[in-house]
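Single-letter residue listing:
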Amino acid sequence: MDWVPRSLRHKSREMEKTYNDLEAKLKRIPTDEELAKALNVSQDELYNLMFQLSHSCVAGLEDLYTIDTNKEDKIAVIDTIEDVTARDPSKVFEFLELKESLMKAIERLPDKENIVVALYYYEGLTLKEIGEIMGITESRVSQLHTKAIFRLKTYLRKIKSQAVLE
C-alpha cells in the first residue's frame, strides 16, 4: 500500500545508510560532494534523488519525536505546526488590558460624559439623537464628548506612563 516506488525506497535506504556511515567515519556531517562520491553518482544525480525523496517523505501528525536526546520529552508533529489563523497571544492580552483600562477610565467620567460616550460608542447614536435623549443641544453633546475624550486620553496616558515606570 506504499505509494512510493520500491526502487525509490531502496535508493532512500541506501542513501541514508551511506550518509550515516560517512558521518561516523568522518566524525562530521558529510558534504554533498562526499555523499555523491560514496554513492557513485554525480552531484546532479544526488540532487535529483533528494528532490524525488523530498516528495516521498510522509510523517504522521500524531507521530512522536524526541526533543532532546538526553530526556524522555516527546512532542507530536501536529504540536509543532503553526496556526497562522490564530491571534498572537501577546496582542490579545495587550488588547484585553487596554480594553479593561478604557472601561475603568469610562467609569471614572462624570455621569453626563459617561452617558454620551456610552450612547455614542456602544449604542451608535448620533450627537443629535443623544441630545434629544438627554434634553440638551447637539452642540452641548459635542462639548461633553470632546471633554470625555480629552479625559480618557489623559487617563490612558497616565496609566501608560505608570506601566513604563514599573
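Calculation rules
- Residues numbered from 1 in each chain as written.
- Predicted model: local features only at pLDDT ≥ 70, side-chain atom pairs only at ≥ 80, totals over all residues.
- Heavy atoms only, no water.
- Salt bridge = Lys/Arg side-chain N within 4 Å of Asp/Glu carboxyl O.
- Helix = DSSP H or I, 4+ residues; strand = E, 2+ residues; numbered from the N terminus.
- Buried < 20%, exposed > 50% of the residue type's maximum accessible area, 1.4 Å probe, protein only.
- Axes fitted to C-alpha atoms, helices over the stretch in contact; angles between N-to-C directions.
- Parallel < 35°, antiparallel > 145°, perpendicular 65-115°, else oblique.
- Left-handed = near helix turned anticlockwise from the far one by under 90°.
- Contact = heavy atoms within 4.5 Å.
- Nonpolar A, V, L, I, M, F, W, Y, C, P; charged D, E, K, R; others polar.

What to know about the pattern of salt bridges
According to the stated counting rule, one finds four salt bridges in the structure shown. Residue Asp21 is joined to Lys17 by a salt bridge in which the shortest nitrogen-to-oxygen separation is 2.9 Å. Here Asp21 pairs with Lys17, and both are found in helix α1 (residues 6-26), just four residues apart, close to one helical turn. Of the residues examined, Asp21 reaches a relative accessible area of 40% and is grouped as partly exposed. Between Arg28 and Glu34 there is a salt bridge, and its shortest N-O distance comes to 2.6 Å.

Comments concerning the packing of helix α5 (residues 111-122) against helix α6 (residues 127-134)
At a minimum axis distance of 10 Å, the contact between α5 and α6 shows a crossing angle of 135°. In this view, α5 runs oblique relative to α6, as classed from their interaxial angle. For α5 against α6, the interelement crossing comes out right-handed. For the pair α5 and α6, contact is made by Lys112, Ile115, Val116, Leu119 and Tyr120 and by Leu127, Ile130, Ile133 and Met134, respectively. In terms of residue class, the contact of α5 with α6 is made up of eight nonpolar, no polar and one charged.

Here's the deal with the side chain of Thr18
With respect to the element layout, Thr18 can be found in helix α1. What Thr18 contacts, discounting residues up to four positions off in sequence, is Leu35, Ala38 and Leu39.

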